[in-house]
Amino acid sequence: MTEQREVDVAIVGAGLAGLVAARDLIAAGASAVVLEARDRVGGRLLNEQLGDGVVVEVGGQWVGPTQDRIAALAREMGVETFATHDVGDNVIEWRGALRRYRGTIPRIGVPVLLDVLRAQRKLNRMASEVPLDRPWLAPKAARWDGQTAQSWLRRNVLTRGGRDLLQLGTEAVWAAQPEDVSLLHMLFYIHSAGSLERLLDTAGGAQQDRFVGGSQRVPIALAERLGDGVVALGAAVRRIEHGRHGVTLHADRVGDARGSGEDRLAVRARRAVVAIAPTLAGRIVYDPPLPGHRDQLTQRMPLGTVAKCMAVYDEPFWRADGLSGQGLSDTGPIKLTYDNSPPDGRPGVLLGFLEGRQARELGRMTVADRRAAVIDCFSRLFGQRAARPERYVERLWAEEEYSRGCYGAHMPTGALDRVRRGAAGADRAAALGRCRGGGGLVGLHGRGRAFRTDGGHRGPGGALRTPTAPAGDKRRDSG
């Protein structure tokens, strides 16, 4: 049986992007429905209950300077923030030795330190030349989009240690290897945040603050404010028909929704907003099909590969040793760690990330083997007490059917050039009267204003960002 609904606007995806779209549309007087394949709201924001009201986030969790939109939304929803624990020495496992350090860049030798600082300044300077609304119009766009971040590091960073440190930083921000990411995309991202340092820093950076009670409280509260019947859970959109008179979305009922007695849902609307990651948007069947350049763009915007791994202890014992809980390792498999304890410090939680290649390799292991590898790394960084956690929590986002990766989409070489060509084509069509729609992604569809797609980004550990083609907004959302 098929349930039928009719609204002004149908939205695919109940992450932050989809829920905010519904809020704004309803405030403007339109009717809306949000179709979400999962049995929950929040997308890549997800709390894990530890008991007694204590949660950890297995998805996006941080917010920092320039991430104004998510900060404002949290305040509107009554969700407070607290500072990420950043007191004490950081640790680094480097070339087989364990060292302590303060600040973002470990002091592992003057030549390496100077090399990294010089590269950061150069990247920040180049990034400032990338227009945030149209990064493909940067003066050297073709040159920068024709090489990977790895190519640039190899040619411009003189020391092996400097290249290794900046590779760790690339993995932390994009959950991908430097050879996976277009240099132009990297520069756009850096400019969007304000600087490379802001993407990497804790205090004053993207990892500065966390949400009391977990980041998923924000979308949960927002969904509740939308009212009954606006969010349809367990509704996986498989097909979108669009034409002159509107759109029809066809969804399968999945999970607990099967108990409703309806196994399908069809929604007719004047417009549709596809608020999911580009690669997932590309899996929907469109009738008529998307233009080839638009479909191929979604094929060239993969999500990063990351696993969040947490060990839970009765207390954050590392603090008594004068440690912040933040660590780096060139050995791995965990390359980056944080103190992820709740505001009152009980229980103690160590968070480690498997990113890029490490996440792909360990993602094929059994949970037991992966846990052993993660705990071994924690033990090397923080001592033998780390070898005996009370509990282990992990989330492999590439394994989730309706996520297929995290933190957000990144662009390989040539992808932004396709955006440029698509935008130019849409502009030419509009000039000839064949495209009635607006600019941006709407215009790229070349089919008027029947629907548009949005998607999301992130910083280390899941900074909340909205997965989309470049929108050029410094107000990045974190986690």
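(A) Structural view of the sheet that holds strand β18 (residues 348-355). Read from one edge of the open sheet, seven strands run β8-β7-β16-β17-β18-β15-β19, paired in mixed fashion. The two strands at the open ends of the sheet, each matched to only one other strand, are β8 (97-101) and β19 (391-396). Neighbouring strand axes in the sheet, compared pairwise and without regard to direction, differ in orientation by 20° on average. Here helix α6 (residues 160-174) sits on the sheet and contacts β7 (89-94), β16 (323-329), β17 (336-339) and β18; the angle it forms with β7, its principal contact strand, is near 115°.

(B) Expanded view of the side chain of Asn124. Relative to the elements of secondary structure, Asn124 occurs in helix α3 (residues 110-127). Given a relative accessible area of 18%, Asn124 falls into the buried group. Among the polar contacts listed, one links the side chain of Asn124 to the backbone nitrogen of Leu196, at a separation of 2.9 Å. Apart from the residues lying within four places of it in its own chain, the contact partners of Asn124 are Ile190, Ser195, Leu196 and Glu197.

(C) Summary view of helix α7 (residues 183-193). In terms of burial, α7 is largely enclosed, as 11 of its 11 residues are buried. What α7 keeps buried is the set Leu183, Leu184, His185, Met186, Leu187, Phe188, Tyr189, Ile190, His191, Ser192 and Ala193. Measuring from the backbone nitrogen of Leu184 back to the side-chain oxygen at the start of α7 gives 3.1 Å, which picks out Ser182 as the cap. Where α7 terminates, the next one or two residues include Gly194, which has phi positive at roughly 115°.

About the cut-offs
- Residues numbered from 1 in each chain as written.
- Predicted model: local features only at pLDDT ≥ 70, side-chain atom pairs only at ≥ 80, totals over all residues.
- Heavy atoms only, no water.
- Pairing = 2+ DSSP bridges.
- Helix = DSSP H or I, 4+ residues; strand = E, 2+ residues; numbered from the N terminus.
- Axes fitted to C-alpha atoms, helices over the stretch in contact; angles between N-to-C directions.
- Contact = heavy atoms within 4.5 Å.
- Buried < 20%, exposed > 50% of the residue type's maximum accessible area, 1.4 Å probe, protein only.
- Polar contact = N/O pair within 3.5 Å; in protein donor to acceptor, adjacent residues only side chain to side chain.

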